[in-house]
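Survey of secondary and tertiary structure
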Amino acid sequence: MEYTGSKYIGEYVDGRMEGKAKYILPTETIYVGEMKDGVFHGEGTLYFPSGSQYDAVWENGLAIKGTYTFADGLHYDEKNWHYCDGYDRRFYTEILNGLKPAGMAQLTNMDPPRKIPKGYYDCGDGFYNPVTRVIKDYRNRFLRNAGRFLSTLQHVFSSSTYKYVHPYVQMYAHT
C-alpha cells in the first residue's frame, strides 16, 4: 500500500511492506530501515530534508528509543540537554568553534549566515514574503501560506515575557 506522493522500495508480503526498505514520504523525508506488517518495525532512520535525522528502534510503527541529530551535527539529549539553556546562550557552531571577536557577532547558527532576499524574512524552514504572504523553502519551493503569521507575531510581542524584538520585525508585526 502506498500513499499519494510516496515511494516504497522494498519487498511486499501479502500486500504489506516487509523487511529492509527505503520509504520516501511526500514531504521528501526518507525512512531507511526495517518494516513489518506495513509499518516501521526494528531499526530504522528518518532522514529529513533539512539534513537532520532520527535514528530509532521502532515497534509497530512507534519509536520506542531513538536519537535526533540536527543538520549541524548537534545531538539532542532529552535528559542532559544543555544547549541554549538559561546559562549558555551560544549557538552550537560557537560552542564548537569558539566566539568571534567583538564587533563580529554571530547572528545565526549558520556561519556565514544564509542570505535573505531583500524584503523577505527567514522563518527557520524557508523565507516569508510579506507581499504574497507565502513561505517558500530555501530551494524556492512552496511550503505554505502564512495566513496566521501576523496574528501569531502580534500575540508573541504583546506577551509580557517577551523582552526584545528586532526593530524591523517589531515594525512589521504591529502594522
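Residues numbered from 1 in each chain as written. Predicted model: local features only at pLDDT ≥ 70, side-chain atom pairs only at ≥ 80, totals over all residues. Heavy atoms only, no water.

1. Some points on the overall build of the protein
- Of regular secondary structure, the protein possesses three helices and ten strands.
- Each helix and strand of the protein, placed in order from N terminus to C terminus, yields the pattern β-β-β-β-β-β-α-β-β-β-β-α-α.
- The buried share among the 175 residues of the protein stands at 22%.
- Put simply, of all contacts in the protein between residues at least 6 apart along the chain, 5% involve residues at least 24 apart.
- Taken as a whole, the protein presents about 12700 Å² of accessible surface, with 57% of it coming from carbon and sulfur. (Helix = DSSP H or I, 4+ residues; strand = E, 2+ residues; numbered from the N terminus. Buried < 20%, exposed > 50% of the residue type's maximum accessible area, 1.4 Å probe, protein only. Contact = heavy atoms within 4.5 Å. Areas by Shrake-Rupley, 256 points an atom, 1.4 Å probe, with all protein chains shown as cover.)

2. Focus: the side chain of Asn129
- With respect to the helices and strands, the residue Asn129 is situated in strand β8 (residues 127–129).
- By relative accessible area, which is 12% here, Asn129 ends up buried.

3. Considerations on the nonpolar core
- If you look at the biggest cluster of nonpolar residues, it comprises ten residues: Tyr8, Met17, Ala21, Tyr23, Tyr31, Met35, Phe40, Leu46, Ala56 and Trp58.
- It is strand β2 (residues 16–24) that contributes the most residues to this core, three residues altogether. (Core = buried A, V, L, I, M, F, W, Y, C linked by side-chain atoms within 4.5 Å.)

4. Some points on the confidence of the model for the protein
- This prediction gives the protein a mean pLDDT of 78; 78% of its residues lie at or above 70.
- Within the protein, no element has a lower average pLDDT than helix α3 (residues 167–173), which sits at 45, and none a higher one than strand β5 (residues 53–59), at 95.
- Taken as a whole, residues 161–175 scores under 50 in pLDDT and shows 19 contacts with residues more than four places along the chain or in a different chain. (pLDDT = per-residue confidence, 0-100.)

5. Points about the sheet that holds strand β4 (residues 39–47)
- Spatially, the six strands line up as an open sheet ordered β1-β2-β3-β4-β5-β6, and their pairing is antiparallel. Each edge of the sheet is formed by a strand with only one pairing partner; in this case those strands are β1 (7–13) and β6 (62–69). The average angle at which neighbouring strand axes cross in this sheet is 5°, direction not considered.
- Of the strand pairs in this sheet, β2 and strand β3 (residues 30–36) are connected by six bridges, and their pairing is antiparallel. (Pairing = 2+ DSSP bridges. Axes fitted to C-alpha atoms, helices over the stretch in contact; angles between N-to-C directions.)

6. Thoughts on the pairing of β2
- Where β1 and β2 come together, seven bridges link them in antiparallel fashion. Bridge pairing links Glu11 to Glu18 in β2.
- Here β1 folds back onto β2, and the loop between the two strands holds two residues, one of which, Asp14, carries a positive phi near 55°.
- Counted between consecutive antiparallel strands, the loop separating β2 from β3 contains five residues, among which Glu28 sits at a positive phi close to 75°.

7. Quick look at the packing of aromatic side chains
- Scanning the entire structure with this criterion turns up eight aromatic pairs.
- With 6.1 Å between their ring centres and 85° between their planes, Tyr31 and Trp58 make a pair best called edge-to-face. Placement of Tyr31 in strand β3 and of Trp58 in strand β5 is noted, with a sequence separation of 27 residues between them. Like Trp58, Tyr31 is buried.
- The interplanar angle of 80° and the centroid separation of 5.0 Å between the aromatic rings of Phe127 and Tyr138 together place this pair among those described as edge-to-face. With Phe127 in strand β8 and Tyr138 in the loop between β9 (134–136) and β10 (142–145), this residue pair connects regions lying eleven residues apart in the sequence.
- Accessibility expressed as a relative area gives 11% for Phe127, which makes it buried.
- Under the relative-accessibility criterion, Tyr138 is labelled partly exposed at 30%.
- Ring pairing ties together the aromatic residues Tyr31, Phe40, Tyr54 and Trp58, which thus form one cluster.
- Positioned above the aromatic ring of Tyr138 is the side chain of Arg114, whose terminal nitrogen or guanidinium carbon lies 3.4 Å from the ring centre. (Phe/Tyr/Trp six-rings, centres within 6.5 Å; stacked < 30°, edge-to-face > 60°. Lys NZ or Arg CZ within 6 Å of the ring centre and 35° of its normal.)

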